[in-house]
Amino acid sequence: MDLSRFSKIAGPGILFACTAIGVSHLVQSTRAGADYGLMILGFVVLVTVIKYPFFEYGSRYAISTSTSIIDGYKKIGRPVLWMYFALTIASMFFVTGAVGFVTAGFFENLFGVEYLEEWTLFILFGVCIAILAVGKYSVLDNLIKVIGVILLVSTTAAFLLAVYNGPVEPAADFVPKELWNASGIFFLLALMGWMPTAIDLSSWNSLWTLERIKMIGFKPTLREIVFEFKLAYIITGVLAVMFVVLGALVVYGSGEELPNNSSQFAHRVVTLYTQTIGDWSYIVIAASAFTIMFGTIIAVLDGYSRSLQRTAELIFNRNNFGRLYTVLLFVIAGGAMVIVIQFQSNLKALVDFATVMSFVIAPVIGIFNLRLVTGKYLKKEDQPSLFLRGLSVAGILFLSGFAVVFVFIQIA
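Criteria and cut-off values
Residues numbered from 1 in each chain as written. Predicted model: local features only at pLDDT ≥ 70, side-chain atom pairs only at ≥ 80, totals over all residues. Heavy atoms only, no water. Helix = DSSP H or I, 4+ residues; strand = E, 2+ residues; numbered from the N terminus. Rg over C-alpha atoms; globule rule 2.2 N^0.38 Å. Contact = heavy atoms within 4.5 Å. Areas by Shrake-Rupley, 256 points an atom, 1.4 Å probe, with all protein chains shown as cover. Patch = residues over 30% accessible without salt bridge, like charges linked within 9 Å, V, L, I, M, F, W, Y side chains within 5 Å. Salt bridge = Lys/Arg side-chain N within 4 Å of Asp/Glu carboxyl O. Buried < 20%, exposed > 50% of the residue type's maximum accessible area, 1.4 Å probe, protein only. Polar contact = N/O pair within 3.5 Å; in protein donor to acceptor, adjacent residues only side chain to side chain. Axes fitted to C-alpha atoms, helices over the stretch in contact; angles between N-to-C directions. Parallel < 35°, antiparallel > 145°, perpendicular 65-115°, else oblique. 1 Å grid on protein atoms, 1.4 Å probe; cavity = no way out; pocket = protein on both sides within 12 Å on 5 of 7 lines; lining within 4 Å. Points joined across faces, edges and corners; volume = space filled by probe spheres on them. Nonpolar A, V, L, I, M, F, W, Y, C, P; charged D, E, K, R; others polar. Expected span 1.5 Å × (residues − 1).

Participant: With reference to specific residues and values, describe the overall build of the protein chain.
Facilitator: Scanning the protein chain from terminus to terminus reveals 15 helices and 0 strands. Taken over the C-alpha trace, the protein chain has a radius of gyration of 20 Å; the compact-globule value for 412 residues is 22 Å, and the two agree within 12%. The principal-axis extents of the C-alpha atoms in the protein chain amount to approximately 65 × 50 × 45 Å. When contacts within the protein chain are restricted to residue pairs at least 6 apart in sequence, those whose partners lie at least 24 apart make up 87%. A total accessible area of about 16300 Å² is found for the protein chain, and carbon and sulfur atoms account for 68% of it.

Spelled out as structure tokens, the structure:
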């Protein structure tokens, strides 16, 4: 594939990657390495691999049918569409609140402002809504590519230097955290819930694929769209590993606890880079981290609003709900604000709650997606390979097993 053709295709996969790199990487992966060291790296790699098919199926279904995977849920049956609608409603305020809370922390860290409580988030949501209401997908598509390149380069540089410098000297009184107890397993579920991101985002990927085709008037082949997504997904996985290693080499063993306040946590994450790259890089890294989180919150608001609008159109048999997209932007942002106010400055509790919720509903979405691409809804030549099908079944069993373990722990 030549570069000019790839430039027409590139967009949905990159947007997915930059959305994923937000909380799951900057917060959860860094915490994983800082709290548990490299022992947790295997779970990051494993869950990234087993989740791959479910995200790829979003792109596969969209390019093969010229409809979103949400349209596919209706084909399975209206109860499935209603279930997707209910799961989305149940999670969207918590997920958006968690992402917004982290973004606000990086904003305050970058500009050195005092904690403004909900005002920082109010301003951020307002700017995001204005951007999306006016420019919609085209602005999001162009902005996210620049942000992604900046963070990719800076993270790679910090990772290589951290590996070269080696781990910190362990503190004399350092006691490693136990992974296989209730709190450790809860964090593991939270980490895997958004690693690399929540499975229900697969519907967003199908919508972004269709919007990209509509915007540029060019429809790629199935092979090309899968290649673009796969490349972006690999980059997402590699960056997750880098963040875990950064946390492990720079924090693990030092006896230091990562702060629970969002602004202080943002400052500590940025110093992970500056400790390896140099103090001169602080402002560059702080700006890069904020921009990736800003891109993430824009993508989250767009994804939820776009998917809910399409779901409502299918439920009520309407082709276009007019201004519903803009209305939903305000509703989702308002609900997220309420959630953030409830959690106040407890960053870790909000993020963990949102990510565990995503983990618990993941097997349900996974089953829906697998059924759509392996049954009567796709032509034989567009269906996934036997390897991907097998990986999907293994993924559903793995995710379901851990979800059962979580429920058991909560009841016991």
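Text resumes after the structure shown.
Participant: Can you break down a nonpolar patch on the surface residue by residue, with the values?
Facilitator: Taken together, Trp119, Phe122, Ile123 and Val127 make up a surface patch of nonpolar side chains, about 430 Å² in accessible area. Of note, Ile123 is situated in helix H7 (residues 118–165).

Participant: If you had to explain the side chain of His25 to someone new, which residues and values would you point to?
Facilitator: Relative to the elements of secondary structure, His25 occurs in helix H3 (residues 22–36). When its relative accessible area of 0% is taken as the criterion, His25 is described as buried. A distance of 2.7 Å separates polar atoms of two side chains, one belonging to His25 and the other to Ser24.

Participant: Can you explain the packing of helix H5 (residues 69–76) against helix H6 (residues 78–111)? Please cite residues and give values.
Facilitator: The N-to-C vectors of H5 and H6 enclose an angle of 135 degrees; their axes lie 5 Å apart at closest approach. Between H5 and H6, the crossing angle belongs to the class labelled oblique. Contacts from Ile70, Tyr73, Lys74 and Ile76 in H5 reach Arg78, Val80, Leu81 and Tyr84 in H6.

Participant: Which residues make up the environment of Thr120, and what are the values?
Facilitator: Topologically, Thr120 is positioned in helix H7. Classification of Thr120 by relative accessible area gives buried; the value is 1%. Taking the C-alpha atoms as reference points, Thr120 and Thr103, separated by 17 residues in sequence, lie 9.3 Å from one another. With residues near it in sequence (within four places) discarded, Thr120 still touches Ala104, Phe107 and Glu108.

Participant: I'd like to hear about empty space enclosed by the protein, residue by residue, with values.
Facilitator: Per the stated rule, a full pass over the model turns up 1 cavity of 30 Å³ or more. Each pocket or cavity is described by its volume, and for the largest cavity that value is around 100 Å³. Every residue lining the largest cavity is counted, 14 residues in all, and those nearest its centre are Thr19, Val95, Val99, Trp194 and Thr197. Put simply, the parts of the chain that give the lining of the largest cavity at least two residues each are helix H2 (12–20), H3, H6 and helix H12 (282–315). Across the lining of the largest cavity, the residue classes tally to 10 nonpolar, 4 polar and no charged.

Participant: Help me get a handle on helix H10 (residues 222–250), residues and values and all.
Facilitator: The first and last C-alpha atoms of H10 sit 42 Å apart over 29 residues, in line with the 42 Å expected at 1.5 Å per residue. Among the 29 residues in H10, 21 count as buried, and that is most of the element.

Participant: Explain the pattern of salt bridges to me, using residue names and the numbers behind them.
Facilitator: Using the criterion set out here, one finds 6 salt bridges in the structure. Between Asp35 and Lys177 there is a salt bridge, and its shortest N-O distance comes to 3.6 Å. Residue Asp35 is found in helix H3, and its partner Lys177 is found in the loop between H7 and helix H8 (182–193); the two are separated by 142 residues along the sequence. With relative accessibility at 9%, the residue Asp35 sits in the buried group. Since its relative accessible area comes to 34%, Lys177 is described here as partly exposed. When the shortest N-O distance is used, the salt bridge between Glu313 and Arg310 registers 3.0 Å. Here Glu313 pairs with Arg310, and both are found in helix H12, just 3 residues apart, close to one helical turn.

Participant: An account of unusual backbone geometry is needed here, citing residue identities and associated values.
Facilitator: For the peptide bond that leads from Met195 to Pro196, omega is -5 degrees, which places it in the cis range. Mapped onto the elements of the fold, Pro196 is located in the loop between H8 and helix H9 (202–216). Within the chain, Ser66 stands out as a residue other than glycine whose phi angle is a positive 60 degrees. Looking at the secondary structure, you find Ser66 in the loop between helix H4 (41–65) and H5. One non-glycine residue, Asn317, lies in positive phi territory at about 55 degrees. With respect to the helices, strands and loops of the structure, Asn317 is situated in the loop between H12 and helix H13 (324–343).

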